[in-house]
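Spelled out from the first residue to the last, the chains are:
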Amino acid sequence: MSTRVAPPGLACLAVNGLSHAYPGARGPVAALDGVSFSVRTGQFCAVIGPSGCGKTTLLHVLAGLIAPTRGTVTLPPRSPGRLVTAVVFQGISTFPWMTVRQNVAYGLRALGLPAAERRRRVEQQVARVGLADFLDAYPHQLSEGMRQRTGIARAFATDPDVLLMDEPFGSLDEQTRLRLQDELLGLWQGSGKTVVFVTHSLDEAARLADRVLVMSARPGRVTADIAVPFPRPRGYGEVRSDPAYGAFTARLWTELAGSGRPAAT
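Keep in mind the model is a prediction, meaning the values are calculated, not measured. Counting from 1, residues in each chain are numbered in the order their sequence is written. Selection of residues for local features in this predicted model requires a pLDDT of at least 70, selection of side-chain atom pairs for listing and counting requires 80 or more, and totals for whole chains, interfaces and linings are taken over all residues. Hydrogens are left out, water is left out, and the side-chain values use all remaining heavy atoms of the structure.

Asker: Got a sec to walk through the packing of aromatic side chains? Specific residues and values, please.
Answerer: Two rings from Phe, Tyr or Trp (for Trp, the six-membered ring) form a pair when their centres are within 6.5 Å of each other. A pair whose planes differ by under 30 degrees is stacked, one over 60 is edge-to-face, and the rest are tilted. Evaluated as defined, the whole model comprises seven aromatic pairs. Grouping aromatic residues by their ring pairs yields a cluster made of Phe-44, Phe-169, Trp-188 and Phe-197.

Asker: Quick one: what's the story with the state of the cysteines, residue by residue and with numbers?
Answerer: Our working definition of a disulfide is a cysteine sulfur pair at a distance within 2.5 Å. Applying the stated criterion across every chain yields a total of zero disulfides. Cysteine Cys-53 is unpaired, with the sulfur of Cys-45 as its nearest cysteine sulfur at 13 Å.

Asker: Please set out the environment of Pro-243 residue by residue, giving values where relevant.
Answerer: Within the secondary structure layout, Pro-243 lies in the loop between α7 (236-241) and α8 (244-259). Per-residue accessibility, obtained with a 1.4 Å probe over protein chains only, is compared with the maximum for each type, and a residue is labelled buried under 20%, exposed over 50%, and partly exposed between these values. Look at Pro-243 and you get exposed, because its relative accessible area is 80%. Between the C-alpha atom of Pro-243 and that of Val-35, which follows or precedes it by 208 residues, the distance is 33 Å. A run of DSSP states H or I qualifies as a helix once it reaches four residues; a run of E qualifies as a strand once it reaches two. Both are numbered from the N-terminal end.

Asker: Which residues make up the packing of helix α3 (residues 115-128) against helix α4 (residues 144-157), and what values go with them?
Answerer: Following both chains from N to C, one finds α3 and α4 inclined at 135 degrees, their axes separated by 9 Å at the closest point. Relative to α4, α3 is oriented oblique. Taken as a pair, α3 and α4 cross one another with a handedness that is right-handed. Mapping the contact onto sequence places Arg-121, Gln-125 and Val-126 in α3 and Ala-153, Phe-156 and Ala-157 in α4. In the scheme used here, Gly and all other residues not listed as nonpolar or charged are polar, with Ala, Val, Leu, Ile, Met, Phe, Trp, Tyr, Cys and Pro taken as nonpolar and Asp, Glu, Lys and Arg as charged. Looking at the contact of α3 with α4, its residues break down into four nonpolar, one polar and one charged. Each axis is a line fitted through C-alpha atoms, taken for helices only over the stretch in contact, and angles between the N-to-C directions span 0 to 180 degrees. Angular relationships are summarised with four words: roughly parallel below 35 degrees, roughly antiparallel beyond 145, roughly perpendicular across 65 to 115, and oblique for the angles in between. Each crossing is labelled by how the near helix is turned from the far one, with a counterclockwise turn of less than a right angle marking it left-handed and a clockwise turn marking it right-handed. The criterion used for residue contact is that any of the two residues' heavy atoms lie within 4.5 Å.

Asker: Give a detailed account of α4, specifying residues and quantitative values.
Answerer: Note: α-helices contain 3.6 residues per turn, so residues at a spacing of three or four share the same orientation. Here α4 is 14 residues long and its end C-alpha atoms lie 20 Å apart, about the 20 Å a rise of 1.5 Å per residue gives. Across the 14 residues of α4, 12 count as buried, placing the element largely inside the fold. Burial in α4 covers these residues: Gly-145, Met-146, Gln-148, Arg-149, Thr-150, Gly-151, Ile-152, Ala-153, Arg-154, Ala-155, Phe-156 and Ala-157. If you follow the buried residues of α4, they end up packed against β6 (85-88), α2 (100-110), α3, β7 (162-166) and α5 (174-188). Directly after α4, the chain includes Asp-159, whose backbone phi takes a positive value near 55 degrees. Given the number of residues in a helix, its expected span is that number minus one, multiplied by 1.5 Å.

Asker: If you had to explain the environment of Glu-183 to someone new, which residues and values would you point to?
Answerer: The topology assignment puts Glu-183 in helix α5. C-alpha of Glu-183 to C-alpha of Ser-19: the two residues are 164 residues apart in sequence and 34 Å apart in space. Apart from the residues lying within four places of it in its own chain, the contact partners of Glu-183 are Val-129 and Arg-149.

Asker: Could you give me a rundown of the pairing of strand β4 (residues 44-48), with the residues and numbers involved?
Answerer: In terms of burial, β4 is a largely internal element, five of the five residues being buried. Every second residue of β4 is oriented toward a common face, with Phe-44, Ala-46 and Ile-48 on one face and Cys-45 and Val-47 on the other, all of them buried. Two strands are said to pair when DSSP picks up at least two bridges between them. Both β4 and strand β8 (residues 194-198) contribute to a ladder of four bridges, which runs parallel. Looking at β8, one finds that Phe-44 is bridged to Val-195.

In structure tokens, the structure reads:
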């Protein structure tokens, strides 16, 4: 796999022919096979697919955490003081021995930013997710939703071009999930960030995304690329009461159900 720099004016993120296989007792196990798509700058792209289809593997490849078997990923050039990609992981990923302040500053330390700039970014992002009163709290003193907000603030603090999110709200109760969806949309709108958001929720994809990629059962391939028809801004009530909502989520389900069939051998 090669990682390339995207020329100015083109898509922020481009994936071409991406494949990956994990070693197995009986030989390689294919997770991704020939995945290709692009995402323009500032676009919110959701990814859905059956369990085990390689969605998380795809995000880890985009983040540079694993190297795929073949294919290319094209990303923006690295700029001083910021990351190209940042990840909000599935479940809670805060460091339990660090305060909110220290957790959010973690990536900024890795970037080598001066202390004053780290402090400014941390306080700005913590305030944006509503945790200004909890800067010196430890994760065990926070609710699950507050810990996930900390993870989101940590990602935004590094000012990434591409924000990669792996089912960040999947373990939360419905009320907390909807509230954090609102907060994420508020953070994203006007930020210019490109987002690739993995989810199992058709409702979440319809509410958050500009477009939805549907992946097949393992080995994962992109089987559909569907534009979301709802205007922004998107309140939960407005989306759910839109006459097109039922037809749109039914279409996603039809595509997803078809993609869940194992590939012929």
